[in-house]
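In case you want the letters, here they are:
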Protein chains: 2
Amino acid sequence: MRNHSHCPHAWRNPQHRGRMWAASPAFRRRLFLLRSLSPCAAALPNNTSSSSSSPSTFIRLNAMAASDPVYEADAEAVVRRITPPLDRARHKGQAGKIAVIGGCREYTGAPYFAAISALKVNSTNSSHDVIQGADLSHVFCTRDAATVIKSYSPELIVHPILEESYSVSDGERESVSSRILTEVAKWMERFDCIVVGPGLGRDSFLLDCVSNIMRHARQANIPTVVDGDGLFLITNNLSLVEGNSLAILTPNVYEYKRLVQKVLNCEVNEENASEQLTALCQKIGGITIMQKGKADIISDGKTVTQVSTFGSPRRCGGQGDILSGSVAVFASWARHFLLTNEYPTDKSVNPMMLGCIAGSLLLRKAASHAFEKNKRSTITTDIIEFLGKSLEDICPAGH
Amino acid sequence: MRNHSHCPHAWRNPQHRGRMWAASPAFRRRLFLLRSLSPCAAALPNNTSSSSSSPSTFIRLNAMAASDPVYEADAEAVVRRITPPLDRARHKGQAGKIAVIGGCREYTGAPYFAAISALKVNSTNSSHDVIQGADLSHVFCTRDAATVIKSYSPELIVHPILEESYSVSDGERESVSSRILTEVAKWMERFDCIVVGPGLGRDSFLLDCVSNIMRHARQANIPTVVDGDGLFLITNNLSLVEGNSLAILTPNVYEYKRLVQKVLNCEVNEENASEQLTALCQKIGGITIMQKGKADIISDGKTVTQVSTFGSPRRCGGQGDILSGSVAVFASWARHFLLTNEYPTDKSVNPMMLGCIAGSLLLRKAASHAFEKNKRSTITTDIIEFLGKSLEDICPAGH
């Protein structure tokens, strides 16, 4: 199917066009992917010279869009394109070095899940990154949380530097806040992406510090995935993400509802979900949002797509943390892929969207395997165990 | 066998009645379950219009009761009825969100076992509970214990808020006590059941705080399982549970002996164990007691039943913690099941009893599997590993 786009006459073939109207989900998936990734199949509205499509084709595509607005992403193909091959000559930036900002007195599991998931998804690099110790997953959390998170796994680098109100006197606030930012800033340049939110909690002083960290990451052009209590933070401080094309938000049903209420001043419209999501992204400006649910709907304000591969009937807490960690790695890879890709690509391809698509699929696959094995007693740790195999299945190491 | 109750003539068949006198344990099990759960087979003494039984039948059942007072519960059927199916559209309240109140300087394993068992038994919800982070198992313990318990598993939410006498000066007692209650109260509404006792210890200040927590839970109509040192607490403060139809006590041999001595002012009578247990429940009023032993005898003062499925010859410490955590989840499910069940049920069905029956069976099954695999070296952790499979065996995920 994919090759039709290279066949000049295929599009004009009435029989083929007829098939397009009745196009299968598989065909639509490839269509989306082709428009996203392939240099040849880009359906530009004003480009009548492209041999692969005609304006009438594009109009048909748009008409399909109106009646069935959400294309299913060809998520497997996305994963295969952006996942770096495991060869020896790998480039810096293909590491997907991640920092998780989260972990406080109450919550130690969430930042661990996010960081260890990123590690599992990651593949290590050439000796380039051995210089940097190939320390791929970092966590920045409070002192209370650090000891515990370190004890979950010796594979993580854990920085006990965040503070909550109860451990800081009023007089110290400004100096402590400043110290925290300085400490994080020392490390920030190394990261290909940060995740803000897993196990962050809602302490006001801590969130102030995290706001500073987010501004710094933005200035340094470091992509930022915002999840959990990070969403609580930005919903009340939209300027932290407004206009940031490197920001990804991953709200669940309730976090999304709060965002819609705050930004669009209305209730969630489930019948026109994809339109509303697109509008939300446009209103905030630049960002990518993955609205999590039975299907994950993803938009950057320009394109909207979904991943609805069935994962598992059991939704356990912690799945969102696996997702945020995975999305961070995939978004880093996608960004690197597009920056270094030798083929000219459709300029509208958004690496943040590709990261979301890939992360969504991987979690669903891993959850499916985990449920098959553990059924009712599937917990987050079980799903993490299957991240490697799931990525391997989509993307064999030989690829 | 089960369908006999729907066959109007079966009961009157002399041959059948004869068989009833000589009724097999299997038949009596079904009888108990039918009386408990089925809308059609409820044997109400004054209901002569029921086609499934006649008053004489009921009298016969009672006569059987006098000569052989303890029905074996059809525990598998109970588990199947109350365990929520794993379909995608699930409701709040079916989560079985549990809090364990326990864990002090000395004891960190017990609260961990209880909380992780609850998690393993649990199945999660629709995206509804993703709001609350689907954080299903909480532990409220001392600061000392919290770090360690958190390190046992990232899946638990652990609150380091209880205090023991040695860490509180006299002058501070009232304010600390008040702070602890406020902190727990913030979270209490989320829980479907709490477990008081695993690893609680006997520090007087800590137990005072826990008394306040229990009173708060009672006011909020949150079912409470009392085990371990929680039983020490309530044996000396019966008002904490008197008349509370949402309280479940799970005493072992020694804890039961102390209760009988305290409440009935006599020694344990093993020959009339079920009668004495029933009397004990009636004296305290409202509560359900599971007297643990070779057979677990369960009563709420109105009904008495037992679960005697063979588990394992090896009884290891920690089994009681697995039990209390599991009972908490099953009792939540049973309560929700009865509140939302579309069939009118026998009003005398007690969800707390159903929770005990289910928890007892599951532990026995899991212990049996664990012993088969590990023989003499079976420890608590081994049994916990089999909770999921044991529930799956009784209650396949497709059900």
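Presented here is a report on the structure given in the accompanying data block. A quick note: this is a predicted structure, and the numbers were derived from the prediction, not measured. (Residues numbered from 1 in each chain as written. Chains lettered and ligands numbered in written order. Predicted model: local features only at pLDDT ≥ 70, side-chain atom pairs only at ≥ 80, totals over all residues. Heavy atoms only, no water.)

### Focus: the pattern of salt bridges
Residues and elements named next belong to chain A. Within this structure, the stated rule accounts for 20 salt bridges over all chains. Of the charged contacts, one joins Lys292 and Asp227 as a salt bridge, the two residues approaching to 3.2 Å between their closest N and O atoms. On the criterion of sequence distance, the pair formed by Lys292 in the loop between strand E8 (288-291) and strand E9 (296-299) and Asp227 in the loop between strand E6 (224-226) and helix H10 (229-235) is long-range, its members being 65 residues apart. With respect to burial, Lys292 and Asp227 carry one shared label: buried. (Salt bridge = Lys/Arg side-chain N within 4 Å of Asp/Glu carboxyl O. Helix = DSSP H or I, 4+ residues; strand = E, 2+ residues; numbered from the N terminus. Buried < 20%, exposed > 50% of the residue type's maximum accessible area, 1.4 Å probe, protein only.)

### Overview of helix H14 (residues 351-374) of chain A
Residue and element names in this part refer to chain A. Between its terminal C-alpha atoms H14 stretches 34 Å, which fits the 34 Å expected from 24 residues at 1.5 Å a residue. The buried fraction of H14 is high, at 19 of 24 residues. Measuring from the side-chain oxygen of the N-cap residue of H14 to the backbone nitrogen of Met352 gives 2.9 Å; that N-cap residue is Asn350. Downstream of H14 by one or two residues, Lys375 has phi in the positive range, about 45 degrees. (Expected span 1.5 Å × (residues − 1). Polar contact = N/O pair within 3.5 Å; in protein donor to acceptor, adjacent residues only side chain to side chain.)

### Quick notes on the side chain of Thr142(A)
Residues and elements named next belong to chain A. Note on placement: Thr142 falls in strand E3 (residues 137-142). In this structure Thr142 comes out as buried when scored by relative accessible area, which is 3%. When neighbours within four sequence positions are excluded, Thr142 is seen to be in contact with Gly103, Cys104, Arg105, Pro160, Leu162, Glu163, Glu164 and Leu206. (Contact = heavy atoms within 4.5 Å.)

### Topic: the sheet that holds strand E5 (residues 193-196) of chain B
Strand pairs in the sheet, formed through backbone hydrogen bonds, run parallel or antiparallel to each other. All names here are of chain B. Reading across from one edge, E1-E10-E9-E8-E7-E6-E5-E2-E3-E4 is the order of the ten strands in this open sheet, with mixed pairing throughout. If you trace the sheet from one side to the other, it starts and ends with strand E1 (71-72) and strand E4 (157-162), each paired once. For strand E2 (residues 98-101) and E5, the ladder comprises four bridges, and the chain directions are parallel. Paired with Ala99 across the bridge in E5 is Ile194. Its contacts with the sheet put helix H6 (residues 143-152) on strand E3 (137-142) and E4, and the angle it makes with E3 is roughly 145 degrees. (Pairing = 2+ DSSP bridges. Axes fitted to C-alpha atoms, helices over the stretch in contact; angles between N-to-C directions.)

### Quick word on the nonpolar core
Residues and elements named next belong to chain A. Core analysis: the biggest nonpolar cluster contains 66 residues, and Ile149, Leu156 and Phe330 have the highest contact counts within it. Broken down by element, this core gets its largest block of residues, twelve residues, from H14. Excluding residues within four positions of it along the chain, Ile149 makes contact with Gly103, Thr108, Pro111, Tyr112, Val139, Cys141, Leu156 and Val158. (Core = buried A, V, L, I, M, F, W, Y, C linked by side-chain atoms within 4.5 Å.)

### Observations concerning the pairing of strand E5 (residues 193-196) of chain A
Across a regular strand the side chains alternate sides, sitting on one face of the sheet and then on the other. All names here are of chain A. Here E5 shows a buried face lined by Cys193 and Val195 and a second buried face lined by Ile194 and Val196. Bridge count between E5 and E6: three bridges; the pairing is parallel. Residue Val196 lies in a different strand from E6, and its bridge partner there is Val226. The parallel pair E5 and E6 is bridged by helix H9 (residues 204-219), and the resulting crossover is right-handed. (Right-handed = clockwise from strand over helix to strand, strands pointing away.)

### A word on the packing of aromatic side chains
Residue and element names in this part refer to chain A. Counted according to the given criterion, the structure contains eight aromatic pairs over all chains. Ring centres of Tyr112 and Phe113 lie 5.6 Å apart, and the angle between their planes is 50 degrees; on these two criteria the pair is classed as tilted. Judged by its relative accessible area of 13%, Tyr112 falls in the buried class. When its relative accessible area of 3% is taken as the criterion, Phe113 is described as buried. Aromatic ring contacts, followed pair by pair, group Tyr112, Phe113 and Tyr152 into a single cluster. (Phe/Tyr/Trp six-rings, centres within 6.5 Å; stacked < 30°, edge-to-face > 60°.)

### Here's the deal with the packing of helix H7 (residues 173-188) of chain B against helix H8 (residues 204-219) of chain B
Residues and elements named next belong to chain B. Between H7 and H8, whose axes approach to 10 Å, the crossing angle comes to 35 degrees. In this structure, H7 meets H8 at a crossing whose hand is right-handed. Mapping the contact onto sequence places Arg173, Val176, Ser177, Ile180, Leu181, Val184, Ala185 and Met188 in H7 and Phe205, Cys209, Asn212, Ile213, His216 and Ala217 in H8. Its residues assigned to classes, the contact of H7 with H8 comprises ten nonpolar, three polar and one charged. (Left-handed = near helix turned anticlockwise from the far one by under 90°. Nonpolar A, V, L, I, M, F, W, Y, C, P; charged D, E, K, R; others polar.)

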